[in-house]
Amino acid sequence: MADMLQPDSSSLQLPGDRLSAPSSPATARNDCGITPLTPSPSPMVEVKPRMSHPFSVVVAIDFGTTSSGYAFSFTQDSDAIHMMKRWEGGDPGVANQKSPTCLLLTPDLRFHSFGFAARDFYHDLDPEEARHWLYFDKFKMKIHSTSDLTMETELEAVNGRRVRAIEVFGHALHFFREHALKEVKDQSSSVLEGEDVRWVLTVPAVWRQPAKQFMREAAYLAGLVSRDCPEQLLIALEPEAASIYCRKLRLHQVLDLSLQPIANGFDLEGSRPFDSSFRQAREQLRRSRHSRTFLVESGTGELWSELQTGDRYIVADCGGGTVDLTVHQIEQPQGTLKELYKASGGPHGAVGVDLAFEAMLCQIFGEDFILSFKAKRPAAWVDLTIAFEARKRTAAPGRANALNISLPFSFIDFYKRHKGQSVEAALRRSNMNIVKWSSQGMLRLTQEAMNELFQPTIDKIVKHIEELMAKPEVCGVRFLFLVGGFAESPMLQRAVQRAVGRTCRIIIPHDVGLTILKGAVLFGLDPTVVRVRRCPLIYGVGVLNRFVEGRHPRDKLLVKEGREWCTDILDRFVCIDQSVALGEVVRRSYTPARLGQRKIIINIYCSSAEDVAYITDPGVRKCGTITLDLPEPLPVPGGAGAGGGAGPERREIRATMQFGDTEIKVTAVDVMSNRFVRASIDFLSN
């Protein structure tokens, strides 16, 4: 059985070179995991040139809470981004550029369909039969809300049955893989192999490492890439992707809320002049291809001509499940991006409006009835949510007429049988004057009712933007880009304009729901475009250090072989909100405690609090492990047994960690033999 390094209780760890603040303690630790070793000096920063992989095409999947889609670009024609073909089905009046994020499994747990096909098939099932099918909707939120995410985390279908989340996500990604590859091959003049494709998956920037690793594991399960070629898959942060695309925008491609009042939707023609030749070329491309194709600028767009070196801007990604805020600075003349403040946000997406509508229904008809209806008539409940979603999109401030929500006949009938009275009587009894009943079988939501549904979620978004803009690191922001599906809402646009419209320009790209998808393709074409990121948490390991009387608490004292040690010191790899450039590395060196030891396991700790010193402090938690699989050591000429010398030389394993990418990465090398050591980092097995 492999020996295991447990830094919090039984190991010794001495620092290599580090990026973390100079206040990080000098470290030493002792016992069975590894023995003391002082690593050879190494540079603080190592910028490694990225290997150029011969990818022929980049395919990005924007896996959203409410809707999802894919886009791709051929590396030989990287100025053209091809959007997915329009989907069959869909809702009247809604552009079907993306598909609803809903998935249907058969009663025996086999994949049946995804998106509109899943929704429509489930809708057409007999109510009794539908109770046996597993329909999943808006399931991405579970990954954000689960604090102890693992490979065994489960999702609950509408009918109450539970399935491992990794399997549901794997089915969805496999569906996108099949559709995307078919479309790519249809448009490619050459034969494409699996290794010719670089895949990009989008995730919210506020997601922690376990959720990012979960998406990577789901991609492996779906067959997007092999575990042997992890570099073939990139994880893109959603507001970063939007920021990358916004660099390319021309003036006719945006709505500037600072220049015009908000109408009931977008002024798609805009009020600024534009380059007619660019538009004509784009339209010609669109007409000549079956897919939607967008041209992007080879450099940066007109909007950036107004930005000076050092100017900063905010991207607010307002999606279905989360709101992500990131602060960037564009670096001229190369056009790379630098993150100025750690990503922030929370579960304040458009789903909050849906939950408020469900709470309103519970208030009118009773929570017990709504729970029973969802369990007994799951397909009809989905129909009701779809009807609300379609009307929600038309809500606008100042709207005079009410919004009508059709109640399914089964809802009306089920209520009468369940409660012995009509839904109209329930409305009268609830005294909710802002919701009326129509004899045509519809709930009529007044403007006041829509305000009540939208306001709590919008208030959280506006408050978060205002708090971010008040921070010293963020002051002086000139632009605020609103992106994501929820940014299409005139209700949200008006609220943000009123809150911060006088302090910065509020820009909304046309096709705002596709901004992240296009940016994810650009990120896949050039992953080095974001040059500096900020660490959202402190990461480190538990170590021993020499005990200092009066400085270290007595309950941390450990006496071993006559020496006094302080246990549980948090040796920081990186600090919270620390700037880390792409390619910067943190090194630590370890040596096995015994001959023949084949594995070293190191616990990683994290914290969102800055004033922590020990791994036992409140707010510090174990979040993952680094595993180093040690190969057989090479024989040393003249070593042990060759003349009775001092015994074998201690073996140094040098681990190198990168925190400047969208995922934390680790590599390791056996210093004496210069052989790579298999190294992995795991955040899902706590």
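Computed from a predicted structure; not experimentally measured.

J.: Give a description of the packing of helix α9 (residues 367–376) against helix α10 (residues 378–392) that names residues and reports values.
T.: Remark: α9 packs on α10, axes separated minimally by 5 Å, with the N-to-C direction vectors making an angle of 110°. Relative to α10, the element α9 lies roughly perpendicular. Within the contact between the two elements, α9 uses Ile370, Phe373, Lys374, Ala375 and Lys376 and α10 uses Pro378, Ala380 and Trp381. Partitioned by chemical class, the residues of the contact of α9 with α10 number six nonpolar, no polar and two charged.

J.: Describe the packing of aromatic side chains, with residues and values.
T.: Following the criterion strictly, the structure yields 27 aromatic pairs and no others. Arranged with centres 6.0 Å apart and planes meeting at 20°, the rings of Phe369 and Phe373 form a pair that is stacked. Highlighted residues: Phe369 and Phe373, both in helix α9, separated by four residues, approximately one helical turn. Note on accessibility: Phe369 and Phe373 belong to one class, buried. Connected via pairs of aromatic rings, a cluster forms that spans Phe365, Phe369, Phe373, Phe411, Phe414 and Tyr415. One Lys or Arg, Lys140, reaches over the ring of Trp207 and ends 5.5 Å from the middle of that ring.

J.: Describe the environment of Asp555, with residues and values.
T.: Among the secondary structure elements, Asp555 is positioned in the loop between β24 (538–546) and β25 (557–560). Among the residues examined, Asp555 registers a relative accessible area of 67% and is labelled exposed.

J.: Can you lay out the environment of Val462 for me, pointing to particular residues and giving the numbers?
T.: Structurally, Val462 can be placed in helix α13 (residues 447–469). Given the relative accessible area of 12%, Val462 is considered buried. Sequence separation between Val462 and Ala499 is 37 residues; the distance between their C-alpha atoms is 7.0 Å.

J.: So what's going on with the side chain of Lys556? Residues and values would help.
T.: Considering the arrangement of structural elements, one finds Lys556 in the loop between β24 and β25. You can call Lys556 buried: its relative accessible area is 9%. A distance of 2.6 Å separates a polar atom in the side chain of Lys556 from a polar atom in the side chain of Thr616.

J.: A description of unusual backbone geometry should follow, citing residues and the corresponding values.
T.: Notably, Asp511 is not glycine yet its phi reads approximately 50°, a positive angle. Its location among the elements puts Asp511 in the loop between β22 (505–509) and α15 (515–525). In this structure, Asn674 takes a positive phi of about 65° despite not being glycine. Along the chain, Asn674 falls in the loop between β32 (665–670) and β33 (675–682). The exposed category is assigned to Asn674, whose relative accessible area is 62%.

J.: Can you lay out the sheet that holds strand β8 (residues 134–137) for me, pointing to particular residues and giving the numbers?
T.: Spatially, three strands are ordered β7-β6-β8 in an open sheet, and the strand pairing comes out antiparallel. Sheet topology places β7 (111–114) and β8 at the edges, where each strand pairs with a single neighbour. Direction aside, the axes of adjacent strands within the sheet are offset by 15° on average. The pairing of strand β6 (residues 102–105) with β8 spans four bridges and is classified as antiparallel. Paired with Leu105 across the bridge in β8 is Leu134.

J.: Tell me what's going on with the pattern of salt bridges, and back it up with residues and numbers.
T.: The final tally for this structure, using the stated rule, is 33 salt bridges. One salt bridge connects Glu358 with Lys374, and the closest N-O pair in it is separated by 2.9 Å. Within this pair, whereas Glu358 is found in helix α8 (residues 351–365), its partner Lys374 is found in helix α9, the two being separated by 16 residues in sequence. Look at Glu358 and you get buried, because its relative accessible area is 19%. Relative accessible area serves as the criterion here: at 22%, Lys374 is assigned to the partly exposed category. Note that Arg428 and Glu424 form a salt bridge whose closest N and O atoms lie 3.5 Å from each other. Here Glu424 and Arg428 lie together in helix α12 (residues 423–430), a separation of four residues that amounts to about one turn. Residue classification places Glu424 among the partly exposed positions, given a relative accessible area of 36%. Within this structure, Asp137, Lys138, Asp354, Glu389, Lys392, Arg393 and Glu488 form a network of salt bridges that share partners.

J.: How would you sum up the packing of helix α6 (residues 238–246) against α15? Please name residues and give values.
T.: As a packed pair, α6 and α15 sit with axes 7 Å apart at the nearest point and diverge in direction by 80°. In terms of their interaxial angle, α6 and α15 are classed as roughly perpendicular. For the pair α6 and α15, the contacting residues are Glu238, Ala241, Ala242, Ile244, Tyr245 and Cys246 in the first and Thr515, Ile516, Lys518, Gly519, Ala520, Leu522 and Phe523 in the second. Looking at side-chain class alone, the contact of α6 with α15 contains nine nonpolar, two polar and two charged residues.

J.: Could you give me a rundown of the pairing of β24, with the residues and numbers involved?
T.: The buried fraction of β24 is high, at eight of nine residues. In this sheet, strand β29 (residues 599–607) lies alongside β24 in antiparallel orientation, the contact comprising three bridges. The partner of Gly540 across the bridge, within β29, is Tyr605. Here β24 pairs with strand β26 (residues 563–574) via seven bridges, running antiparallel.

J.: Could you give an account of the sheet that holds strand β18 (residues 403–406), with specific residues and numbers?
T.: Ordered in space as β18-β20-β19, the three strands form an open sheet in which the pairing is antiparallel. The open sheet is flanked by β18 and β19 (435–438), the only strands paired with a single partner. Along the sheet, successive strands turn relative to each other by an average axial angle of 30°, direction set aside. When β19 meets strand β20 (residues 442–445), the two strands line up antiparallel, connected through four bridges. Following the sheet pairing, Lys436 is matched in β20 by Arg444. The sheet strands contacting α8 are β18, β19 and β20, and the helix crosses β20 at an angle near 115°.

J.: How would you summarise the environment of Lys419 if you had to cite specific residues and measurements?
T.: Following the sequence through the fold, Lys419 ends up in helix α11 (residues 409–419). Those residues in contact with Lys419, other than ones at most four positions away along the chain, are Phe365, Asp368 and Phe369.

J.: Would you mind going over the confidence of the model for the protein in detail, with residue names and values included?
T.: Confidence in the prediction of the protein, expressed as mean pLDDT, is 81, and 81% of residues score 70 or more. The low-confidence segment residues 92–96, where pLDDT is below 50, has eight contacts with residues more than four positions distant or belonging to other chains. Confidence over residues 640–647 falls short of pLDDT 50; this stretch has two contacts with residues more than four positions distant or in other chains.

Calculation rules
Residues numbered from 1 in each chain as written. Predicted model: local features only at pLDDT ≥ 70, side-chain atom pairs only at ≥ 80, totals over all residues. Heavy atoms only, no water. Axes fitted to C-alpha atoms, helices over the stretch in contact; angles between N-to-C directions. Helix = DSSP H or I, 4+ residues; strand = E, 2+ residues; numbered from the N terminus. Parallel < 35°, antiparallel > 145°, perpendicular 65-115°, else oblique. Contact = heavy atoms within 4.5 Å. Nonpolar A, V, L, I, M, F, W, Y, C, P; charged D, E, K, R; others polar. Phe/Tyr/Trp six-rings, centres within 6.5 Å; stacked < 30°, edge-to-face > 60°. Buried < 20%, exposed > 50% of the residue type's maximum accessible area, 1.4 Å probe, protein only. Lys NZ or Arg CZ within 6 Å of the ring centre and 35° of its normal. Polar contact = N/O pair within 3.5 Å; in protein donor to acceptor, adjacent residues only side chain to side chain. Pairing = 2+ DSSP bridges. Salt bridge = Lys/Arg side-chain N within 4 Å of Asp/Glu carboxyl O. pLDDT = per-residue confidence, 0-100.

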